[in-house]
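# Chain and residue survey
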Amino acid sequence: MTKPAYQRVLLKLSGEALMGDDAFGINRATIDRMVADVAEVANLGVQVAVVIGGGNIFRGVAPGAQGMDRATADYMGMLATVMNALALADAMRHVGITARVMSAISIEQVVEPYVRPKALQYLEEGKVVVFAAGTGNPFFTTDTAAALRGSEISAEIVLKATKVDGVYSADPKKDPHATRYESISFDEAIAKHLQVMDATAFALCRDQKLPIKVFSIVKPGALKAVIMGEDEGTLVHV
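Now for a description of the structure that goes with this document. Just so you know, these numbers come straight off a predicted model, no measurement behind them.

Cut-offs applied
Residues numbered from 1 in each chain as written. Predicted model: local features only at pLDDT ≥ 70, side-chain atom pairs only at ≥ 80, totals over all residues. Heavy atoms only, no water. Pairing = 2+ DSSP bridges. Helix = DSSP H or I, 4+ residues; strand = E, 2+ residues; numbered from the N terminus. Phe/Tyr/Trp six-rings, centres within 6.5 Å; stacked < 30°, edge-to-face > 60°. Buried < 20%, exposed > 50% of the residue type's maximum accessible area, 1.4 Å probe, protein only. Contact = heavy atoms within 4.5 Å. Core = buried A, V, L, I, M, F, W, Y, C linked by side-chain atoms within 4.5 Å. Expected span 1.5 Å × (residues − 1). Polar contact = N/O pair within 3.5 Å; in protein donor to acceptor, adjacent residues only side chain to side chain. Arc of directions from axis to C-beta.

Pairing within the open sheet is mixed, and its nine strands lie in the order β4-β3-β5-β2-β1-β6-β8-β9-β7. Every other strand in the sheet has two partners, leaving β4 (112-113) and β7 (183-185) as the edge strands with one partner each. Note that strand β1 (residues 8-13) and strand β6 (residues 157-162) share four bridges and pair parallel. Considered in β6, the bridge of Val9 is made with Ile157.

Given below as C-alpha coordinates:
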(Lines give C-alpha, C1' and ligand atoms only; values in the text may rest on other atoms or scores of the structure.)
Protein backbone atom coordinates (compact mmCIF):
# COMPACT_ATOMS: atom_id res chain seq x y z
CA MET A 1 0.00 0.00 0.00
CA THR A 2 1.46 3.34 -1.08
CA LYS A 3 -1.18 5.56 0.55
CA PRO A 4 -1.90 5.73 4.27
CA ALA A 5 -4.74 3.46 5.36
CA TYR A 6 -6.06 6.18 7.69
CA GLN A 7 -6.49 9.92 7.29
CA ARG A 8 -7.27 10.88 10.90
CA VAL A 9 -6.07 8.93 13.93
CA LEU A 10 -6.04 9.24 17.72
CA LEU A 11 -2.75 8.08 19.21
CA LYS A 12 -2.83 7.08 22.89
CA LEU A 13 0.57 7.33 24.57
CA SER A 14 1.06 6.29 28.18
CA GLY A 15 3.14 8.50 30.41
CA GLU A 16 5.22 5.43 31.28
CA ALA A 17 6.24 5.16 27.62
CA LEU A 18 8.12 8.46 27.98
CA MET A 19 10.31 7.12 30.78
CA GLY A 20 12.42 4.84 28.61
CA ASP A 21 14.52 2.84 31.05
CA ASP A 22 14.35 5.52 33.74
CA ALA A 23 12.44 5.04 36.99
CA PHE A 24 10.25 8.08 36.34
CA GLY A 25 10.25 11.39 34.46
CA ILE A 26 10.90 12.03 30.76
CA ASN A 27 13.76 10.34 28.95
CA ARG A 28 14.94 12.76 26.29
CA ALA A 29 16.11 10.16 23.79
CA THR A 30 12.82 8.26 24.15
CA ILE A 31 10.60 11.29 23.58
CA ASP A 32 12.72 12.39 20.60
CA ARG A 33 12.33 8.95 19.01
CA MET A 34 8.56 8.91 19.55
CA VAL A 35 8.20 12.41 18.15
CA ALA A 36 10.23 11.42 15.08
CA ASP A 37 7.75 8.56 14.50
CA VAL A 38 4.78 10.93 14.82
CA ALA A 39 6.44 13.46 12.51
CA GLU A 40 7.02 10.78 9.89
CA VAL A 41 3.31 9.97 9.90
CA ALA A 42 2.19 13.60 9.98
CA ASN A 43 4.40 14.34 6.99
CA LEU A 44 2.44 11.72 5.04
CA GLY A 45 -0.60 13.99 5.37
CA VAL A 46 -2.24 11.99 8.16
CA GLN A 47 -4.11 14.07 10.75
CA VAL A 48 -2.78 13.06 14.17
CA ALA A 49 -4.25 13.75 17.59
CA VAL A 50 -2.54 12.50 20.73
CA VAL A 51 -3.81 11.70 24.21
CA ILE A 52 -0.97 11.47 26.70
CA GLY A 53 -0.93 9.93 30.17
CA GLY A 54 0.92 11.16 33.24
CA GLY A 55 2.12 8.03 35.01
CA ASN A 56 5.80 8.79 34.45
CA ILE A 57 5.54 11.95 36.54
CA PHE A 58 2.95 10.80 39.05
CA ARG A 59 5.04 7.71 39.76
CA GLY A 60 7.65 9.99 41.32
CA VAL A 61 5.16 11.39 43.84
CA ALA A 62 3.07 8.24 44.29
CA PRO A 63 4.61 7.24 47.66
CA GLY A 64 3.58 10.59 49.11
CA ALA A 65 0.09 10.23 47.63
CA GLN A 66 -0.73 7.09 49.59
CA GLY A 67 -3.93 7.57 51.54
CA MET A 68 -4.79 10.67 49.52
CA ASP A 69 -8.34 11.34 48.43
CA ARG A 70 -8.87 9.66 45.03
CA ALA A 71 -10.24 12.78 43.32
CA THR A 72 -7.28 14.87 44.52
CA ALA A 73 -4.82 12.25 43.28
CA ASP A 74 -6.60 12.14 39.91
CA TYR A 75 -6.35 15.92 39.53
CA MET A 76 -2.63 15.66 40.26
CA GLY A 77 -2.42 13.06 37.49
CA MET A 78 -4.20 15.41 35.10
CA LEU A 79 -1.62 18.12 35.78
CA ALA A 80 1.12 15.58 35.08
CA THR A 81 -0.39 14.96 31.62
CA VAL A 82 -0.22 18.70 30.91
CA MET A 83 3.51 18.63 31.65
CA ASN A 84 3.98 15.68 29.29
CA ALA A 85 1.89 17.36 26.60
CA LEU A 86 4.05 20.49 26.76
CA ALA A 87 7.19 18.36 26.46
CA LEU A 88 5.75 16.53 23.43
CA ALA A 89 4.72 19.76 21.71
CA ASP A 90 8.14 21.31 22.28
CA ALA A 91 9.91 18.22 20.93
CA MET A 92 7.66 18.34 17.86
CA ARG A 93 8.59 21.98 17.29
CA HIS A 94 12.24 20.95 17.12
CA VAL A 95 11.50 18.61 14.19
CA GLY A 96 9.38 21.13 12.30
CA ILE A 97 5.93 19.89 13.35
CA THR A 98 3.42 22.42 14.66
CA ALA A 99 1.56 21.07 17.68
CA ARG A 100 -1.23 22.53 19.76
CA VAL A 101 -1.85 21.45 23.36
CA MET A 102 -5.50 21.53 24.46
CA SER A 103 -6.37 20.88 28.09
CA ALA A 104 -9.62 19.55 29.53
CA ILE A 105 -8.99 21.66 32.65
CA SER A 106 -8.50 25.39 32.42
CA ILE A 107 -4.87 26.58 32.57
CA GLU A 108 -5.17 29.30 29.96
CA GLN A 109 -1.86 30.98 30.80
CA VAL A 110 -0.12 27.76 29.81
CA VAL A 111 -2.25 25.85 27.27
CA GLU A 112 -5.49 26.29 25.35
CA PRO A 113 -8.75 24.93 26.74
CA TYR A 114 -10.20 22.00 24.81
CA VAL A 115 -12.75 23.26 22.29
CA ARG A 116 -13.87 20.65 19.79
CA PRO A 117 -14.34 22.91 16.70
CA LYS A 118 -10.92 24.45 17.29
CA ALA A 119 -9.33 21.01 17.60
CA LEU A 120 -10.92 19.95 14.30
CA GLN A 121 -9.66 23.15 12.65
CA TYR A 122 -6.11 22.48 13.83
CA LEU A 123 -6.22 18.91 12.50
CA GLU A 124 -7.48 20.09 9.12
CA GLU A 125 -4.63 22.62 9.04
CA GLY A 126 -2.14 19.78 9.46
CA LYS A 127 -1.23 20.53 13.07
CA VAL A 128 -0.80 17.76 15.64
CA VAL A 129 -3.24 18.22 18.51
CA VAL A 130 -2.15 16.97 21.94
CA PHE A 131 -5.03 16.47 24.35
CA ALA A 132 -4.03 16.92 27.99
CA ALA A 133 -5.74 16.50 31.38
CA GLY A 134 -7.68 13.41 30.38
CA THR A 135 -11.44 13.98 30.32
CA GLY A 136 -11.12 16.75 32.92
CA ASN A 137 -12.89 14.57 35.47
CA PRO A 138 -11.55 12.37 38.28
CA PHE A 139 -12.24 8.62 38.21
CA PHE A 140 -11.71 8.44 34.43
CA THR A 141 -8.46 7.22 32.90
CA THR A 142 -6.58 8.59 29.93
CA ASP A 143 -7.67 5.45 28.07
CA THR A 144 -11.22 6.73 28.44
CA ALA A 145 -10.06 10.17 27.34
CA ALA A 146 -8.59 8.58 24.19
CA ALA A 147 -11.89 6.82 23.42
CA LEU A 148 -13.84 10.02 24.09
CA ARG A 149 -11.63 12.38 22.08
CA GLY A 150 -11.30 9.83 19.28
CA SER A 151 -15.08 9.70 19.02
CA GLU A 152 -15.43 13.50 19.21
CA ILE A 153 -12.97 14.21 16.40
CA SER A 154 -14.31 11.38 14.22
CA ALA A 155 -10.99 9.54 14.21
CA GLU A 156 -10.98 6.44 12.05
CA ILE A 157 -9.08 4.44 14.66
CA VAL A 158 -7.54 4.66 18.13
CA LEU A 159 -3.89 3.64 18.12
CA LYS A 160 -2.92 2.37 21.55
CA ALA A 161 0.85 2.44 21.88
CA THR A 162 2.20 -0.07 24.40
CA LYS A 163 5.45 -1.85 25.23
CA VAL A 164 4.25 -5.09 23.59
CA ASP A 165 3.49 -5.62 19.92
CA GLY A 166 -0.20 -6.41 20.21
CA VAL A 167 -2.82 -8.32 22.17
CA TYR A 168 -1.80 -11.80 23.27
CA SER A 169 -3.72 -14.84 24.46
CA ALA A 170 -1.76 -14.57 27.73
CA ASP A 171 1.02 -12.43 29.19
CA PRO A 172 3.92 -13.06 26.77
CA LYS A 173 6.43 -12.28 29.54
CA LYS A 174 5.05 -15.08 31.69
CA ASP A 175 3.76 -17.58 29.13
CA PRO A 176 6.16 -18.57 26.33
CA HIS A 177 3.25 -20.17 24.46
CA ALA A 178 1.21 -16.96 24.33
CA THR A 179 0.18 -16.08 20.79
CA ARG A 180 -0.51 -12.67 19.28
CA TYR A 181 -3.89 -12.00 17.73
CA GLU A 182 -3.77 -10.33 14.32
CA SER A 183 -7.35 -9.18 14.89
CA ILE A 184 -10.05 -9.83 17.46
CA SER A 185 -13.60 -8.61 18.01
CA PHE A 186 -14.58 -6.47 20.99
CA ASP A 187 -16.93 -9.20 22.23
CA GLU A 188 -14.25 -11.89 21.95
CA ALA A 189 -11.72 -9.72 23.80
CA ILE A 190 -14.26 -9.17 26.59
CA ALA A 191 -15.15 -12.87 26.78
CA LYS A 192 -11.46 -13.80 27.04
CA HIS A 193 -10.78 -11.07 29.63
CA LEU A 194 -8.01 -9.57 27.51
CA GLN A 195 -6.76 -6.30 28.99
CA VAL A 196 -6.86 -4.06 25.92
CA MET A 197 -8.07 -0.88 27.65
CA ASP A 198 -9.96 -0.16 30.82
CA ALA A 199 -13.60 -1.22 30.74
CA THR A 200 -15.11 2.25 30.28
CA ALA A 201 -12.84 3.12 27.35
CA PHE A 202 -13.35 -0.28 25.76
CA ALA A 203 -17.14 -0.08 26.01
CA LEU A 204 -17.16 3.42 24.49
CA CYS A 205 -15.05 2.33 21.51
CA ARG A 206 -17.28 -0.70 20.98
CA ASP A 207 -20.48 1.36 21.16
CA GLN A 208 -19.10 3.99 18.76
CA LYS A 209 -17.75 1.28 16.42
CA LEU A 210 -14.32 2.88 16.80
CA PRO A 211 -11.63 0.24 16.18
CA ILE A 212 -8.49 0.02 18.29
CA LYS A 213 -5.05 -0.97 17.06
CA VAL A 214 -2.66 -2.11 19.79
CA PHE A 215 1.01 -1.94 18.78
CA SER A 216 4.50 -1.49 20.18
CA ILE A 217 5.76 2.07 20.49
CA VAL A 218 9.27 0.77 21.20
CA LYS A 219 9.53 -1.05 17.86
CA PRO A 220 11.17 1.16 15.21
CA GLY A 221 8.83 1.95 12.31
CA ALA A 222 5.78 0.34 13.95
CA LEU A 223 3.62 3.47 13.93
CA LYS A 224 4.19 4.08 10.23
CA ALA A 225 3.54 0.39 9.49
CA VAL A 226 0.18 0.65 11.27
CA ILE A 227 -0.71 3.83 9.38
CA MET A 228 0.18 2.18 6.07
CA GLY A 229 -2.12 -0.73 6.84
CA GLU A 230 0.60 -3.34 7.27
CA ASP A 231 0.29 -6.42 9.51
CA GLU A 232 1.50 -4.75 12.68
CA GLY A 233 -0.02 -5.14 16.13
CA THR A 234 -3.56 -6.29 16.84
CA LEU A 235 -6.79 -4.81 15.48
CA VAL A 236 -9.76 -4.84 17.86
CA HIS A 237 -12.98 -4.32 15.93
CA VAL A 238 -16.76 -4.69 16.08
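Glancing now at the packing of aromatic side chains. In this structure the tally under the stated criterion is two aromatic pairs. Seen in terms of ring centroids, Tyr114 and Phe131 are 5.4 Å apart; in terms of plane orientation they differ by 85°. Their pairing is edge-to-face. Of this pair, Tyr114 sits in the loop between β4 and α4 (116-124) while Phe131 sits in strand β5 (residues 128-132), placing them 17 residues apart in sequence. For the pair formed by Tyr114 and Phe131, the shared burial category is buried.

On to the environment of Tyr168, then. One can find Tyr168 in the loop between β6 and β7. The exposure class of Tyr168 is buried, given its relative accessible area of 19%. Expressed as a C-alpha distance, the spacing of Tyr168 and Arg180, which sit 12 residues apart in the sequence, is 4.3 Å. Setting aside residues no more than four positions away along its own chain, Tyr168 makes contact with Ala178, Thr179, Arg180, Tyr181 and Leu194.

By size, the foremost hydrophobic cluster in this structure holds 43 residues, and its most contacted members are Leu11, Leu13, Val128, Leu159 and Phe215. Elements with a contribution of two residues or more to this core: β1, α1 (28-42), β2 (47-52), α3 (70-94), β3 (99-103), β5, β6 and α8 (222-227). Sorting elements by how many residues they give to this core places α3 first, with eight residues. Apart from the residues lying within four places of it in its own chain, the contact partners of Val128 are Val38, Ala42, Val48, Val50, Met92, Ile97, Thr98, Ala99 and Arg100.

Once that is clear, we can look at α3. Taking 1.5 Å of rise per residue, the 25 residues of α3 would be expected to cover 36 Å, and the 37 Å separating its terminal C-alpha atoms lies within 8% of that figure. Its side-chain oxygen at 3.2 Å from the backbone nitrogen of Ala71, Asp69 defines the N-terminal cap of α3. Residue Gly96 follows α3 closely and has a positive phi angle near 85°.

Along the chain, Asp143 falls in helix α5 (residues 142-152). Excluding residues that lie within four positions of it along the chain, Asp143 makes contacts with Lys12, Lys160, Met197, Asp198 and Ala201.

What follows covers α4. Along α4, the residues that are buried comprise Ala119, Leu120, Tyr122 and Leu123. Relative to the axis of α4, the buried residues are bounded by an arc of 160° and lie together on one face. The exposed set on the far side of α4, more than 90 degrees from its buried face, consists of Pro117 and Glu124. Against β1, β2, β3, β4 and β5 lie the buried residues of α4.

Turning to unusual backbone geometry, a few remarks are in order. Residue Phe139 is not a glycine yet carries a positive backbone phi of 75°. Position of Phe139 among the secondary structure elements: in the loop between β5 and α5. Of note in this structure, His193 is not a glycine but carries a positive phi near 55°. Checked against the element boundaries, His193 lands in the loop between α6 (186-191) and α7 (199-207).

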